[in-house]
Amino acid sequence: MQDSQRYDPKSIEAHWQQQWDQDGIFAVSEDTGKEKYYLLEMFPYPSGRIHMGHSRVYTIGDTLARVRRMQGYNVLHPMGWDAFGMPAENAAIANKSHPARWTYDNIDYMRSQLKKLGYSHDWSREFATCDPSYYRWEQLMFVRMWEKGLVYRKKSLVNWCDTCQTVLANEQVEAGNCWRCDNPVGQRELYGYFFKITDYADELLQKLDELTGWPESVKTMQRNWIGKSYGAEIHFPMEGREGVVKVFTTRADTLYGATFMSLAPEHPLALELSAGTEQEQAVKEFIDKVKRQSFSQRADDKSKEGVFTGAWCTNPLTGGRMPVYVANFVLMEYGTGAVMAVPTHDQRDFEFAKEYGLELIEVIAGPDGAVGVQNMAQAFTGYGHLINSGPFDGLSSQDAKRGIAAELEKRGMGQETINYRLRDWGISRQRYWGAPIPVIHCGKCGQVPVPEAGLPVVLPLDAQLPETGGSPLPGLDEWVNTTCPVCGGPAKRETDTMDTFVESSWYFARYACPRYDQGPLDPGPTDYWMPVNQYIGGIEHAVLHLLYSRFFTKVMRDLGLVKADEPFTNLLTQGMVIKDGSKMSKSKGNVVDPDLMVQRYGADTVRLFILFAAPPEKELEWSDRGVEGASRFLGRLWRMGVAVAEQAAGVEPYQGQDGLPEALKGLHTKTHETIKKVSEDAGGKFQFNTAIAAIMELVNQISLVEQDEAVAGHAQRAAVLREAVEAAVVLISPMAPHIADELWRRLGHEGYLIDHPWPSWDDDALVQEEKLVVVQVQGKVRSKLTLPADAGDSVLEAAALADEKVQKFIDGRPVKKVIVVQGKLVNIVI
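Residues numbered from 1 in each chain as written. Predicted model: local features only at pLDDT ≥ 70, side-chain atom pairs only at ≥ 80, totals over all residues. Heavy atoms only, no water.

Q: Where do I start with the overall build of the protein in this structure?
A: Each helix and strand in the protein was counted, giving 26 helices and 32 strands. With the principal axes as the frame, the protein shows a C-alpha extent of 110 × 80 × 50 Å. Every one of the 830 residues in the protein was classed for burial, and the buried ones make up 54%. At a minimum sequence separation of 6, the contacts of the protein that also span at least 24 residues come to 72%. For the protein, the accessible area works out to roughly 36,100 Å², and carbon and sulfur atoms hold 48% of it. Of the side chains in the protein, 88 bear a positive and 110 a negative charge, and the two mean positions are spaced by 2 Å. (Helix = DSSP H or I, 4+ residues; strand = E, 2+ residues; numbered from the N terminus. Buried < 20%, exposed > 50% of the residue type's maximum accessible area, 1.4 Å probe, protein only. Contact = heavy atoms within 4.5 Å. Areas by Shrake-Rupley, 256 points an atom, 1.4 Å probe, with all protein chains shown as cover. Lys, Arg positive; Asp, Glu negative; His and termini not counted. Charge placed at Lys NZ, Arg CZ, Asp CG, Glu CD.)

Structure (structure tokens):
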């Protein structure tokens, strides 16, 4: 450790990181005598290097964790790795390596990066989700969910990349191409496993109202994703054959205007209806064309294309014939995959009808009356009263919805119902680097879950990845071929692996008991720590990760593994780090490497700038000048702390017991104002930028007092300066912990500041707002008093009667009445 008085961040930070690690000060255990506080940032994917976005989220989290610990909470602040996933495979193929080696090498490097930033993570709880000791319990939960009917297998259409030989989520398809190889993405029908998240749709929706610590924007996104809709199921009889086409609509009031039917290309009737007709070939070609598009392409496609199936259905109330089309804009994953088309009152249907010359019937008149189909330039999609709707003419849209649904139910042709946009979670991935799905395929018994004694199903690490992509698992005969646990006959393992969102949907609970080997979760520690008090991460995870985590927590609750209903009590979504007005990216050449910044300025400077440049939820614009400013401030604090440590050695901090000259009194007041401000902003509102600004103001005032010759010889100068400097050091410690611990030691204290109680302010030391109170006796002004602005009537009355001028005028005469007027005037009647 250097002995000079020069501020040397490199040696100071290395010293204190070694001390913290050596003494294990961030390790924590359950303590029923303390209130727990579980703080968690979203764990990183081990991509190779920590980027500035990581640095921001972990700096915000670490600062809050340190504040809470100083406030007396028992703080859990763990770290681990979201380690499975396709990027590891891609990198391994590109580097002729293995995903496991690539992943663990990255973990080692990124761990060292995080430690260099001085974060207070409890590394004793670290795990990687690619370790069998983690995913074995995930596999067990899969089996338990299977037993409860929460898992099923079915064929479904998926986005498929031929080059990568895998399914892609909608989010991984960019402009119709694979996000990795940039080749076209099509659709393929595959068997896959699904979690029945729809069984929890209502609870997931209702419980959002109880998440008062979540941003409203995130809750709105989840509500929209779940998409609960009240409407009607309507049955349209097929013409010339048995059966009906079922649709869900929220606009039953427009039924009399339905003139054709649109089916999704994936709908079972799409090919069936055209079979044996002259339209059969055209329908096949159209469906093949649409299947070459991804779901996201179809959702974004502005063109409205379709093909007539050659079949007709009947409007259940009007009896009118309706041609049945297959249309590119209808998605099987919404509603029933069939849409009753009302071109006068739905814009997509309007454009489609104009393109294909289909009938228009106006059935809703708005506030300005009917438009007339001949005058329609676009669909009228609002509400109004019904026209051309038989017995329902004149009814409002809302009344007509109920009336039409009742009539349909009476005829056995439909009913009121509820629909959800949310679909079950498909977890199957045709990739290697993931947790194996614990299912065995038996020719006699079908799909059989692996018994608990057979878990974990370990991913074979000796597999060689094909250079063309795809999974090597189907070709590993020794691994694939097994025995059916039910009949004992020959069987094969499932070769799909789980979606990596499964791992991240329960990791937060495993941190409570990461070494527990008797089940997924140890009840004692899990019930003590869960739920997470404060979760921090990007808003891009608002739906998938956060929704899946909520679902998984409810499943774990129902499996008897946790008591918590929700995983995260409070959620903070931090803003992006941008530079030159845009998001940092290698392609734009505006990436700032945290490692280089730490080498140049030190971790404390990087942390301080990140916190000072913007409130956590706002975008942070990177500024080299801002970083240099943070560095200069810490250098100034260092010089001030070292100087006071020497000048006030052996002097106790000022306790407010003596009168002070104005400069010292002002600094004493400023010290306590700063403690109050930082406590409120950093500890309550998470406004670290304004908290740091307050500390900077305190440091400025300390500097003025140091230079003030008028108080240079005052007996209390050293005590007041020590009080102020120590307050600044303690308050800055969650943001810049290395320099703070070093200055704290130089100021003569033992221990670590993270274990030091958070300072409290003295209300008596604060500058109080005051008001002028006029005192009258017998209606004439006899005195004026200066009192605290919040002084009540009783205080005003007592102060007026005790005033020397008033006492002298009253001269012992009895007081009949005291009247206080609006807190500003006291009238004494004698």
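Next, the rest of the story.
Q: Looking at this structure, I do not really get the packing of aromatic side chains. What am I missing?
A: The way to describe two aromatic rings as a pair is by their centre distance and the angle between their planes. For the structure shown, the criterion picks out 42 aromatic pairs. Ring plane angle 75 degrees and centroid distance 5.6 Å describe the contact between Y507 and Y511, whose orientation is recorded as edge-to-face. There is no split in this pair, since Y507 and Y511 are both buried. Following the ring pairs from residue to residue traces out a cluster consisting of F142, W146, Y193, F195, Y200, W425, F501, Y548, F551 and F552. Across from the ring centre of W137, 4.1 Å away, lies the NZ or CZ of R136, which sits over that ring. Stacked on the ring of W479, the Lys or Arg R493 has its end atom at 5.9 Å from the ring centre. (Phe/Tyr/Trp six-rings, centres within 6.5 Å; stacked < 30°, edge-to-face > 60°. Lys NZ or Arg CZ within 6 Å of the ring centre and 35° of its normal.)

Q: Help me out: how do you make sense of the sheet that holds strand 30 (residues 780–788) in this one?
A: The mixed open sheet is built from four strands, whose spatial order is 30-29-32-31. Two strands lie at the open edges of the sheet, namely strand 30 and strand 31 (817–821), each paired on one side alone. Averaged over all adjacent pairs, the angle separating strand axes in this sheet is 20 degrees, with direction ignored. Relative to strand 30, strand 29 (residues 770–777) runs antiparallel, the two being bridged by eight bridges. Paired with Q776 across the two strands is V781, which belongs to strand 30. (Pairing = 2+ DSSP bridges. Axes fitted to C-alpha atoms, helices over the stretch in contact; angles between N-to-C directions.)

Q: Teacher, can you tell me more about the environment of V555 here?
A: As for its placement among the helices and strands, V555 is situated in helix 17 (residues 544–558). On the basis of relative accessibility, which here comes to 2%, the residue V555 falls in the buried class. Sequence spacing of V555 and S397 is 158 residues, and the spatial spacing of their C-alpha atoms is 40 Å. With residues up to four places along the chain from it excluded, the contact list for V555 reads M145, L150 and Y200.

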